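Overview (structure and organization)
Chain by chain, the residues run as shown.
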Protein chains: 2
Amino acid sequence: MYRSHTCGQLRLKDAGDKVTLAGWVQTVRKFGAITFIDLRDRYGITQLLFGEELNQELDQNPLGREFVLRATGIVQERSNKNANLATGDIEINISSFKILNKSAVPPFTIQDETDGGDDLRMRYRYLDLRRNAVKKNIELRYAVSRAARNYLHQQEFIDIETPFLIKSTPEGARDFVVPSRMNPGQFYALPQSPQTFKQLLMVSGYDRYYQVVKCFRDEDLRADRQPEFTQIDCEMSFVGQEDILNMFEGMIKHIFKEVKGIDYAEPVERMSWDDAMWNYGTDKPDTRFGMKITNLKTPYTVFETKDSSKKALPLGEGLGGAFGVFKNAETVVAIAVPGAAEYSRKQTDELAEWVKRPQIAMGGLAFVKVNADGTFKSSFDKFFNADQLKALAAFCNAGPDNLILILGGAEEKTRKAISELRLEMAERLGLRKPGEFKLLWVLDFPLFEYSAEENRWDARHHPFTSPKPQHVDIMINNNPVIENAEKYLEHPYADIKANAYDMVLNGNEIGGGSIRIYQRELQEKMFAALGMSKEEAIHKFGFLLGAFEFGAPPHGGIAFGFDRLCAILGGSESIRDFIAFPKNNAGRDVMLDAPSAIDEKQLDELNLKLDVK
Amino acid sequence: MYRSHTCGQLRLKDAGDKVTLAGWVQTVRKFGAITFIDLRDRYGITQLLFGEELNQELDQNPLGREFVLRATGIVQERSNKNANLATGDIEINISSFKILNKSAVPPFTIQDETDGGDDLRMRYRYLDLRRNAVKKNIELRYAVSRAARNYLHQQEFIDIETPFLIKSTPEGARDFVVPSRMNPGQFYALPQSPQTFKQLLMVSGYDRYYQVVKCFRDEDLRADRQPEFTQIDCEMSFVGQEDILNMFEGMIKHIFKEVKGIDYAEPVERMSWDDAMWNYGTDKPDTRFGMKITNLKTPYTVFETKDSSKKALPLGEGLGGAFGVFKNAETVVAIAVPGAAEYSRKQTDELAEWVKRPQIAMGGLAFVKVNADGTFKSSFDKFFNADQLKALAAFCNAGPDNLILILGGAEEKTRKAISELRLEMAERLGLRKPGEFKLLWVLDFPLFEYSAEENRWDARHHPFTSPKPQHVDIMINNNPVIENAEKYLEHPYADIKANAYDMVLNGNEIGGGSIRIYQRELQEKMFAALGMSKEEAIHKFGFLLGAFEFGAPPHGGIAFGFDRLCAILGGSESIRDFIAFPKNNAGRDVMLDAPSAIDEKQLDELNLKLDVK
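The subject of this paragraph is the confidence of the model for chain A. Residue and element names in this part refer to chain A. Residues at a pLDDT of 70 or more form 95% of chain A, whose mean pLDDT is 92. A low-confidence stretch, residues 300–308 stays under pLDDT 50, and its non-local contacts, those more than four residues away or across chains, total 20 contacts. Note on the complex model: pTM 0.95, ipTM 0.94.

Below is the structure:
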């Protein structure tokens, strides 16, 4: 070993000991004949003192930032202690040193707040990873995986590796494919998830499976997507939904405790998908704060519940009659923002501009201020009298000092817009508190969603998700074909709910899963509902259908988005800083300069030709 | 949960309890109105007793092998106990049951000794995985990875995921490549190992890294190779070879203790590569037994040590003069097989046939029997007198009752053949004891090997391996170009030893690694020695050369072949039974039927055309 101790280890009690440290030069400070060096390694920073007698040697071997240094000396108490540093009570009085490697001047500073832009930091990722701000993310990531593994191990789960070179079965997202040299003209696919393998393991009787595993999706990348990502992937046999919810609520609480020191004692809130969509306009609401949505007009068709308790504003006709914008809009929704009634004209104008931005793309924003004195001020005063505004405020549960914000327009767009606006207002009001964590189970998703393009059903989750037990008969006994596209909502399949569940943390989906189909007949019906012919189903998933004939147990599972989970626990919205070597939005690794062209010989061996348009 | 207990859980102390089990029907035995069912799950087997009152229900719902059953009843003491079964003292007197899923008759029996052939078992791998013989391998695999992770965690290693979509840098083995849709005409490669990434992590200061990680090599598959395989991959900074040897000797001993209950107390034997080649004819000798090789003639040039203590048989001239076969052979080697002097003519003839098989391909086998009475009997009696045979036996350290086996021929072939013969004789004599484990470090490998085809140096390990500290200057100060191909052994580079080490277990290489180069100049020299131009080096490994300019610490590491390690610990020579979903020798997954053709549309999106010859 090049060192006797790490740079984070020594304390006052070690004073007088002779030690050897090795690490990187963080700073060099010269005071006359004396030089102070902050030496950094993974474990911390220790101050080295180079006295007068080393002056000449230092002159001959000048030290620069990021030089790799080995130095030996005596631990001594510091006169000028640094309370911000674990080693801040001591310094090392150096007697000899050796430069192990030099460093060019780094292209950006290796500090928490760096002067390096995103591109530069990615190109020199190995330097970026030295920064404490990134290092603590990488360490947190390890702590999360370690906590998850330990919990699952205690619960008798077993880590079983599933293959990476599998079969391409394009469903939903695009596969990355791998040409096979030994099987000319044929390709492997990289797994989008180990879904079918973990189900096969249940058929094999392994009962409780987990894996922390890379998955691959060839999608057009959005800001915070990566072509390769990691899942905590789990599956259990002989369980129902309740068992899974309890098991993985336990896991996430264990992670909170181990990684963040947080006792998440209360049970995780549960919410139906209907309620999530109705009250928050999204299937992943941030429940750290309220500010529920009020539906002033037609309920959303997408989650038509036939639940008579969910009524639109009784003033609907009045609204429509008096104010054309509301009348013509398919959907009109509102949120009551607490303590924002004093918003100035400038502020409400700015909010109106905010909803008109291309990302939100609404036509405008209506508002009602509920003043502290019980009076009202709205953006549509000439259409509504005080009684109408009072009724509207009451319907929105808006108390004094609330600002009611109202959006109207086409259903889906308006629903998304009000959900975004709700988050934005919460952000502005400081209601999305960093360090506060609120978990939520969203349950009872629809099994299918309607594909207008193909006039057929799509799987909302994936084709292996089971319907609710009480809906199995609806699925088996009805023809999935949609005769009348206009009336698809009247098709019996529109009512089928899935035995599926998402875990949401602070408004982010961190995990999702379902109880699976385990009967061949039902799985075949599912494939048929998705427009797959029998031949196609056999070609793509024959192995699974076959497995279901040999004693498949009831089973279900869940997969957590490991990158995102780490990011949220680390207080960030971006997963990229929690991945050691991420790719950019074009799917490129700019450090490696990958992907890149390959040799003609390689192509030839793979029986391929480029055909770049 | 569908069950209150597992099938491996109940004991006599539970008698009287009402329990519910779920699992697979292993056997059905009817005795008149009573039916016994052995119910199996991951945890064991429990006997279920269906009494007379369930007769009718059983007739209506007949149970077959591998049916999935849920059954409730009372635990009771068995009259006919089964000492071979953990649950053998009890049975469950069933009061109600439900068939959760039926099963077709499996294509082979789900038992330790199955009637299924290899192909059938692979096609129905999900059934094969139910067999206890396979299940215990999968469980052992998990136990090994768990033990390795726990040890490395205790030693402050941190698991950091490295990317799978990287850059193709064909060195040695072929890369699997992945066409990029977003970057037309360009490809990612799947990693053959995370080598350069773990080195970058050392440059980043992570100090102690590990990963249990999939790697990929597109090689023509031999019997026991897989295109995807798993490594326990580790790297450390600020260490020398001795630190690595100690750290990973600790890891493997921890695995022995945790997984096999074996206290491997003695230090792991260390052997130089020279000695391994000289004494065993291989760089991965099985040291559970002796039977060292005696070199009767020219020392092997490949490990010419210039060590005068290693002499050939002084009778060399005599040998050559008297016996043409020995005279003409480039290399003549012998082993003394204990207790085999009584081998019959038939047996020695059979051994001669064994060495003539195509896999060994020797011309013949000479032998000398050292009889218990001190006389000799050889296959070349007419050329040698008793004194000469006596001298030869003494030189081979052959005592009474030994059978000396002698092979002669071209150096490399003969060396391999005697090594194989040594293993074969040990096998026949029962010296390769299952359950006995002997570890070995092989050290001091040559850094380079000569490529006759290209008349240049190849890296014996990989291009990132450092020379021994005392050989760095030889490397830096000499031109790597080989002027005279015939005299390549006289080139200074032929003497350079690597700072590299292999861990060998029972004659199998289970891990290998090295201290790495961490200076740009030396790394560039290495690339040049391997015939790489400066441009090529920059194109392929510019990121690493760049990283070495910003303070790279001294570092080194090791990678263990996880599949093979598990196989050996599990007492098998074949890795395939230790992989949940392996591929066959043509790289195919016969269960999935992968690889397979992909859609025209997929090819088109990837800007590719098939060009199958």
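A few words now on the sheet that holds strand β10 (residues 228–237) of chain A. All names here are of chain A. Reading across from one edge, β6-β9-β10-β22-β21-β20-β17-β11 is the order of the eight strands in this open sheet, with mixed pairing throughout. On the outer flanks of this sheet lie β6 (158–159) and β11 (269–272), each paired with one strand and no other. Relative to strand β22 (residues 555–561), β10 runs antiparallel, the two being bridged by seven bridges. In the strand pairing of β22, M236 is matched with G556. Sheet strands in contact with helix α5 (residues 195–203) are β9 (208–216), β10 and β22, and its direction is about 20° off that of β10. Its contacts with the sheet put helix α16 (residues 562–569) on β9, β10, β20 (500–505), β21 (508–515) and β22, and the angle it makes with β10 is roughly 105°.

Once that is clear, we can look at the interface of chain A and chain B. Taken together, the 127 residues of chain A in the interface contact 127 residues of chain B. For A:D611, the salt bridge identified is with B:K609, shortest N-O distance 4.0 Å. At the boundary of chain A and chain B, one finds 77 residue pairs in polar contact (both at pLDDT 80 or more). Counted by class, the side of chain A that touches chain B contains 70 nonpolar, 22 polar and 35 charged residues. Both strand β23 (residues 608–610) of chain A and strand β23 (residues 608–610) of chain B contribute to a ladder of three bridges, which runs antiparallel.

This part takes up the packing of α5(A) against helix α15 (residues 534–547) of chain A. Residue and element names in this part refer to chain A. Two elements in contact, α5 and α15, have axes separated by 10 Å at closest approach and are oriented at 20°. By the criterion of interaxial angle, the relationship of α5 to α15 is roughly parallel. Taken as a pair, α5 and α15 cross one another with a handedness that is left-handed. Two secondary-structure elements touch here, α5 through T196, Q199, L200 and V203 and α15 through F541, F543, L544 and A547. Of the residues in the contact of α5 with α15, the class split is six nonpolar, two polar and no charged.

For the rest of this paragraph, the subject is the packing of helix α4 (residues 132–154) of chain A against α16(A). Residues and elements named next belong to chain A. Packing of α4 against α16 leaves a shortest axis separation of 10 Å and a crossing angle of 115°. Every pair of crossing elements has a handedness; the one defined by α4 and α16 is right-handed. In this structure, α4 contributes L140, R141, V144 and S145 to the contact, and α16 contributes F562, D563, L565, C566 and L569. Per-class residue counts for the contact of α4 with α16 are six nonpolar, one polar and two charged.

Quick look at the nonpolar core now. Residues and elements named next belong to chain A. Counting 80 residues, the largest nonpolar core has F248 and I255 as its most contacted members. No other element matches helix α6 (residues 241–260), which puts nine residues into this core. The contact partners of F248, leaving out residues within four places of it in the chain, are L152, F157, C234, M236, W441, M503, I558 and F560.

Now for the pairing of β10(A). Residue and element names in this part refer to chain A. Among the ten residues of β10, ten are classified as buried, and the element is accordingly described as predominantly covered. Residues of β10 alternate between two faces, with E228, T230, I232, C234 and M236 on one and F229, Q231, D233, E235 and S237 on the opposite face, all of them buried. As judged from the nine bridges shared by β9 and β10, these two strands associate in the antiparallel manner. Across the sheet, the residue bridging to V213 is Q231, located in β10.

Turning next to the packing of aromatic side chains. Under the counting rule described, the total for this entry stands at 53 aromatic pairs over all chains. For the ring pair A:F527 and A:F541, a centre distance of 5.1 Å and an interplane angle of 10° mean the geometry is stacked. Residue A:F527 is found in helix α14 (residues 520–529), and its partner A:F541 is found in helix α15; the two are separated by 14 residues along the sequence. Among the residues examined, A:F527 registers a relative accessible area of 0% and is labelled buried. Seen in terms of ring centroids, B:F448 and B:Y493 are 5.1 Å apart; in terms of plane orientation they differ by 15°. Their pairing is stacked. Here the residue B:F448 occupies a position in strand β18 (residues 448–451), and B:Y493 occupies one in the loop between α13 (472–477) and β20 (500–505), the gap between them amounting to 45 residues. In terms of burial, B:F448 and B:Y493 fall into one category: buried.

Okay, the sheet that holds strand β1 (residues 18–31) of chain B next. Pairing is mixed around the closed barrel formed by five strands, whose spatial order is β1-β2-β3-β5-β4 (chain B). Pairs of neighbouring strands in the sheet enclose a mean axial angle of 55°, with direction left out of account.

When chain A is fitted to chain B, the best match, at an RMSD of 0.1 Å, comes from turning it 180° and sliding it 0.0 Å along the axis. Read as a symmetry element, the transformation amounts to a two-fold axis. Both copies contact each other with a shared surface, as 100% of the interface residues of chain A are interface residues in chain B too.

Further remarks concern the side chain of B:K369. All names here are of chain B. Looking at the secondary structure, you find K369 in strand β14 (residues 366–370). Nearest to the buried, unbridged K369 among oppositely charged side chains is E342, at 8.9 Å. Sequence-distant contacts of K369, defined by excluding residues within four places in its chain, comprise A341, Y343, S344, T348, T375, F376, K377, N402 and L403.

Counted under the stated rule, the structure contains 98 salt bridges over all chains. A salt bridge links B:R181 to A:D220, with the nearest nitrogen and oxygen atoms 3.1 Å apart. On the criterion of chain membership, the pair formed by B:R181 in the loop between β7 (177–179) and β8 (187–189) and A:D220 in the loop between β9 and β10 is interchain, its members lying in two chains. Taking the relative accessible area as the measure of exposure, B:R181 reaches 14% and is therefore buried. The shortest N-O distance in the salt bridge between A:E242 and A:R270 comes to 2.8 Å. Here A:E242 is found in helix α6, whereas its partner A:R270 is found in strand β11, with 28 residues between them in sequence. Taking the relative accessible area as the measure of exposure, A:R270 reaches 35% and is therefore partly exposed.

Residues and elements named next belong to chain A. For α15, spanning 14 residues, the distance from its first C-alpha to its last is only 16 Å, which falls clearly below the expected 20 Å at 1.5 Å a residue. At F541, α15 shows its largest bend, some 90°. Residues of α15 that are buried include every one of A537, K540, F541, F543, L544, L545, G546 and A547, and no others.

This next bit is on α5(A). Taken across its nine residues, α5(A) has nine buried, putting it largely inside the fold. Along α5(A), the residues that are buried comprise A:Q195, A:T196, A:F197, A:K198, A:Q199, A:L200, A:L201, A:M202 and A:V203. Where the residues of α5(A) are buried, they touch β9, β10, α15 and β22 of chain A together with β1 and α3 (125–128) of chain B. Immediately beyond the C-terminal end of α5(A), within one or two residues, lies A:G205, with a positive phi of roughly 95°.

Rules behind the numbers
Residues numbered from 1 in each chain as written. Chains lettered and ligands numbered in written order. Predicted model: local features only at pLDDT ≥ 70, side-chain atom pairs only at ≥ 80, totals over all residues. Heavy atoms only, no water. pLDDT = per-residue confidence, 0-100. Contact = heavy atoms within 4.5 Å. Pairing = 2+ DSSP bridges. Helix = DSSP H or I, 4+ residues; strand = E, 2+ residues; numbered from the N terminus. Axes fitted to C-alpha atoms, helices over the stretch in contact; angles between N-to-C directions. Salt bridge = Lys/Arg side-chain N within 4 Å of Asp/Glu carboxyl O. Polar contact = N/O pair within 3.5 Å; in protein donor to acceptor, adjacent residues only side chain to side chain. Nonpolar A, V, L, I, M, F, W, Y, C, P; charged D, E, K, R; others polar. Parallel < 35°, antiparallel > 145°, perpendicular 65-115°, else oblique. Left-handed = near helix turned anticlockwise from the far one by under 90°. Core = buried A, V, L, I, M, F, W, Y, C linked by side-chain atoms within 4.5 Å. Buried < 20%, exposed > 50% of the residue type's maximum accessible area, 1.4 Å probe, protein only. Phe/Tyr/Trp six-rings, centres within 6.5 Å; stacked < 30°, edge-to-face > 60°. Least-squares fit on C-alpha atoms with pLDDT ≥ 70 in both. Lys, Arg positive; Asp, Glu negative; His and termini not counted. Expected span 1.5 Å × (residues − 1). Bend = angle between axes of the 7 residues up to and from the residue.

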